[in-house]
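Okay, here's what each chain looks like letter by letter:
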Amino acid sequence: MKDRKLNLSYLKINTKLNILYVVSSLINQAPVKVLYDIVSNIERRGNCFIITLYEEVEGKSLKQSFLDLGISVFCLQSSVIRNEFFTMTLSQKIQNFINDNNIKIVHTHCYYSALLCTNLKNVKKIVTFHNVCTKDFVYAKGYVLGSYMVHRYLNAIKKFDKKIAISYSMQTFYQQLLKTNVDVVYNGINVKVNSPVSPAEKKTIRNQLGLELDKKIFLVSGSLSKLKNPLFTISVFKKLLNIRNDIMLVFIGDGLLKKECIDMIGSQDKYIKCVGFVTEPYKYLQASDYLISSSFSEGLPLNVLEAICVGLPMALSSIPAHQEISTIVTQSYGLLFDNSNESSLFNVLEQLLMIDSSECNSVLSKIGTTHFSSEHMSEEYMKLYVSH
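Note that the structure is a prediction, hence the values are computed from the model and not measured. (Residues numbered from 1 in each chain as written. Predicted model: local features only at pLDDT ≥ 70, side-chain atom pairs only at ≥ 80, totals over all residues. Heavy atoms only, no water.)

Chemist: What is the right way to look at the sheet that holds strand β10 (residues 247-252) in this model?
Modeler: Strands belonging to one sheet form pairs held by backbone hydrogen bonds; the direction of such a pair is parallel or antiparallel. Spatial ordering of the open sheet is given by β11-β10-β9-β12-β13-β14, a layout of six strands whose pairing is parallel. Either end of the sheet is taken by a strand with one partner, and the two such strands are β11 (272-276) and β14 (334-337). Here the strands of the sheet are splayed against their neighbours by 25° on average, with no regard to which way each runs. Here strand β12 (residues 290-293) runs beside strand β13 (residues 314-317); their pairing, made up of three bridges, is parallel. Paired with L291 across the strands is M314, a residue of β13. Packing against the sheet, helix α14 (residues 320-329) makes contact with β12, β13 and β14, and its axis sits at approximately 145° to β14. The strands touched by helix α15 (residues 342-352) within the sheet are β9 (216-221), β12, β13 and β14, with β14 carrying the most contacts at an inclination of about 160°. (Pairing = 2+ DSSP bridges. Helix = DSSP H or I, 4+ residues; strand = E, 2+ residues; numbered from the N terminus. Axes fitted to C-alpha atoms, helices over the stretch in contact; angles between N-to-C directions. Contact = heavy atoms within 4.5 Å.)

Now the structure itself:
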């Protein structure tokens, strides 16, 4: 099925459960990967439609993957300026689509989609919170603009019929903020793709990726941004390199701090690498021995859930979402550290190096399959879709 511009007369279907998802774009990032796993598992039980706000970035979009599922994808061809100043016009286009296609449920996953859908009529409105807005918006946009976004977002989401957090720590945060009930659905991942590999398979993957065969590899997966705190991780790892040379740190992901990261790495680029954006992050997880996340804020990070399913012990900053994960996997495999104290992370990395990651692969993988499978996530969302 080909992608289409928004055509309000297309597909006037009368079905039991038509679901419309509204997102900024289908870029290959965590919320969109979650959306893909939702629709790939529930598509057989209803007609799923997607409206995106922006045109896709070639080479970084999952649009074709959605189209291959038979999902209808439409684009508003909007912009940040239009979202801000023509909110009602764009919202009316979405309302017309809802009316023409007998949409029963609208599910939003981002800031602008919530703003555009807050006043929709005659449809059940659901919003999933993927981040802690008071931290993420301010880190991304600065205090003034970030605070303005928080104000608009909170006013918008109050009008939604169901509000869903992706962790219990986020549920507590939003319930205190909104003074209303918030449901919880854990993020889920494809546990068949994100699975442990044998030592021989790991060696093969490392060869394919051009990674050292004889080193213990620590992986950092995510954007190179202030929120993710990569400079802190690099600084600590360089200190660890002063006492051992059998280790390696690999970053996958792009961001505004990429140049600063490369500058800080300096002459240690043999041991610390910034790979950039990758389309198959699971291969880097399978090639690695440990995961590090030094983030200042997370909802329920997919990179950590993927690491669990692959079987990697983890060093996690002691933020609420990571504390919740550490409780599930036990602190033997999810070691917490203070992300403002370099000695704290240094000590945790030394503890991780004492763990034989191959011995905990099956334990962690079973935990991941039990708690974080995409199938289970989809079932939980379906229960919320059909509930009144």
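Chemist: Explain the packing of helix α1 (residues 30-42) against helix α17 (residues 374-386) to me, please; I cannot follow it from the model alone.
Modeler: A packed helix pair is summarised by two numbers, namely the angle formed by the two axes and the spacing between the axes. Two numbers describe how α1 lies on α17: the axes approach to 9 Å, and their chain directions differ by 75°. One finds that α1 runs roughly perpendicular with respect to α17. The residues of α17 that touch α1, namely those facing V34, D37, I38, N41 and I42, are S374, E375, M377, S378, Y381, M382 and Y385. A class-by-class count of the residues in the contact of α1 with α17 yields seven nonpolar, three polar and two charged. (Parallel < 35°, antiparallel > 145°, perpendicular 65-115°, else oblique. Nonpolar A, V, L, I, M, F, W, Y, C, P; charged D, E, K, R; others polar.)

Chemist: Just to check I follow, could you spell out unusual backbone geometry for this structure?
Modeler: Peptide bonds are mostly trans, and most non-glycine residues show a negative phi. In this structure, N102 is a non-glycine residue whose phi angle is positive, near 55°. With respect to the helices and strands, the residue N102 is situated in the loop between α4 (87-100) and β5 (105-108). The phi angle at K179 is positive, at roughly 55°, despite the residue not being glycine. Note that K179 resides in the loop between α8 (168-178) and β8 (183-184). Assessed through its relative accessible area of 71%, K179 is described here as exposed. (Buried < 20%, exposed > 50% of the residue type's maximum accessible area, 1.4 Å probe, protein only.)

Chemist: Would you take a moment to explain the packing of aromatic side chains for this structure?
Modeler: When we look at a pair of aromatic rings, we describe it by the centre distance and by the angle of the planes. For the coordinates displayed, the defined rule picks out 18 aromatic pairs. Centre to centre, the rings of Y36 and F66 are 5.4 Å apart; their planes meet at 90°, and the pair counts as edge-to-face. Taken together, the residues span a long stretch of sequence, with Y36 in helix α1 and F66 in helix α2 (residues 63-68) at a distance of 30 residues. In this structure Y36 comes out as partly exposed when scored by relative accessible area, which is 24%. Residue F66 is classed as buried on the basis of its relative accessible area of 0%. Note on F173 and Y174: the rings are 4.8 Å apart at their centroids and 85° apart in plane angle, and the pair reads as edge-to-face. We classify Y174 as buried; its relative accessible area is 0%. An aromatic cluster is built from Y111, Y112, F129, F137, Y153, F173 and Y174, whose rings are joined through pairwise contacts. Cation over ring: K60 sits above F277, and NZ or CZ is 5.3 Å from the ring centre. For K125, the ring lying beneath its charged end belongs to F160, and the centroid distance is 5.9 Å. (Phe/Tyr/Trp six-rings, centres within 6.5 Å; stacked < 30°, edge-to-face > 60°. Lys NZ or Arg CZ within 6 Å of the ring centre and 35° of its normal.)

Chemist: Mind showing me how you'd approach the pairing of β11 here?
Modeler: Residues in a regular strand project their side chains so that they alternate between the two faces of the sheet. Of the strand pairs in this sheet, β10 and β11 are connected by four bridges, and their pairing is parallel. Bridge pairing links I252 to G276 in β11. Taken together, β10, helix α11 (residues 258-265) and β11 constitute a β-α-β crossover, and its handedness is right-handed. (Right-handed = clockwise from strand over helix to strand, strands pointing away.)

Chemist: For this particular structure, what's the right way to read the side chain of T233?
Modeler: Considering the arrangement of structural elements, one finds T233 in helix α10 (residues 230-241). Looking at T233, its side chain comes within polar contact range of the side chain of S294, at 2.7 Å. Beyond its immediate stretch of four places on either side in the chain, T233 contacts V220, L249, F251, I292, S294 and L345. (Polar contact = N/O pair within 3.5 Å; in protein donor to acceptor, adjacent residues only side chain to side chain.)

Chemist: How should the pattern of salt bridges be read in this particular structure?
Modeler: One side chain can pair with another of opposite charge once the charged atoms of both are near each other. Counted according to the given criterion, the structure contains twelve salt bridges. Of the charged contacts in the structure, one is a salt bridge between K202 and D289, with a shortest N-O distance of 3.2 Å. Taken together, the residues span a long stretch of sequence, with K202 in helix α9 (residues 199-209) and D289 in the loop between α12 (281-287) and β12 at a distance of 87 residues. The pair formed by K202 and D289 is uniform in burial state, with each residue classed as buried. Ionic pairing is found between K239 and E342, a salt bridge with its closest N-O pair at 2.8 Å. Placement of K239 in helix α10 and of E342 in helix α15 is noted, with a sequence separation of 103 residues between them. Of the residues examined, K239 reaches a relative accessible area of 40% and is grouped as partly exposed. Under the relative-accessibility criterion, E342 is labelled partly exposed at 28%. (Salt bridge = Lys/Arg side-chain N within 4 Å of Asp/Glu carboxyl O.)

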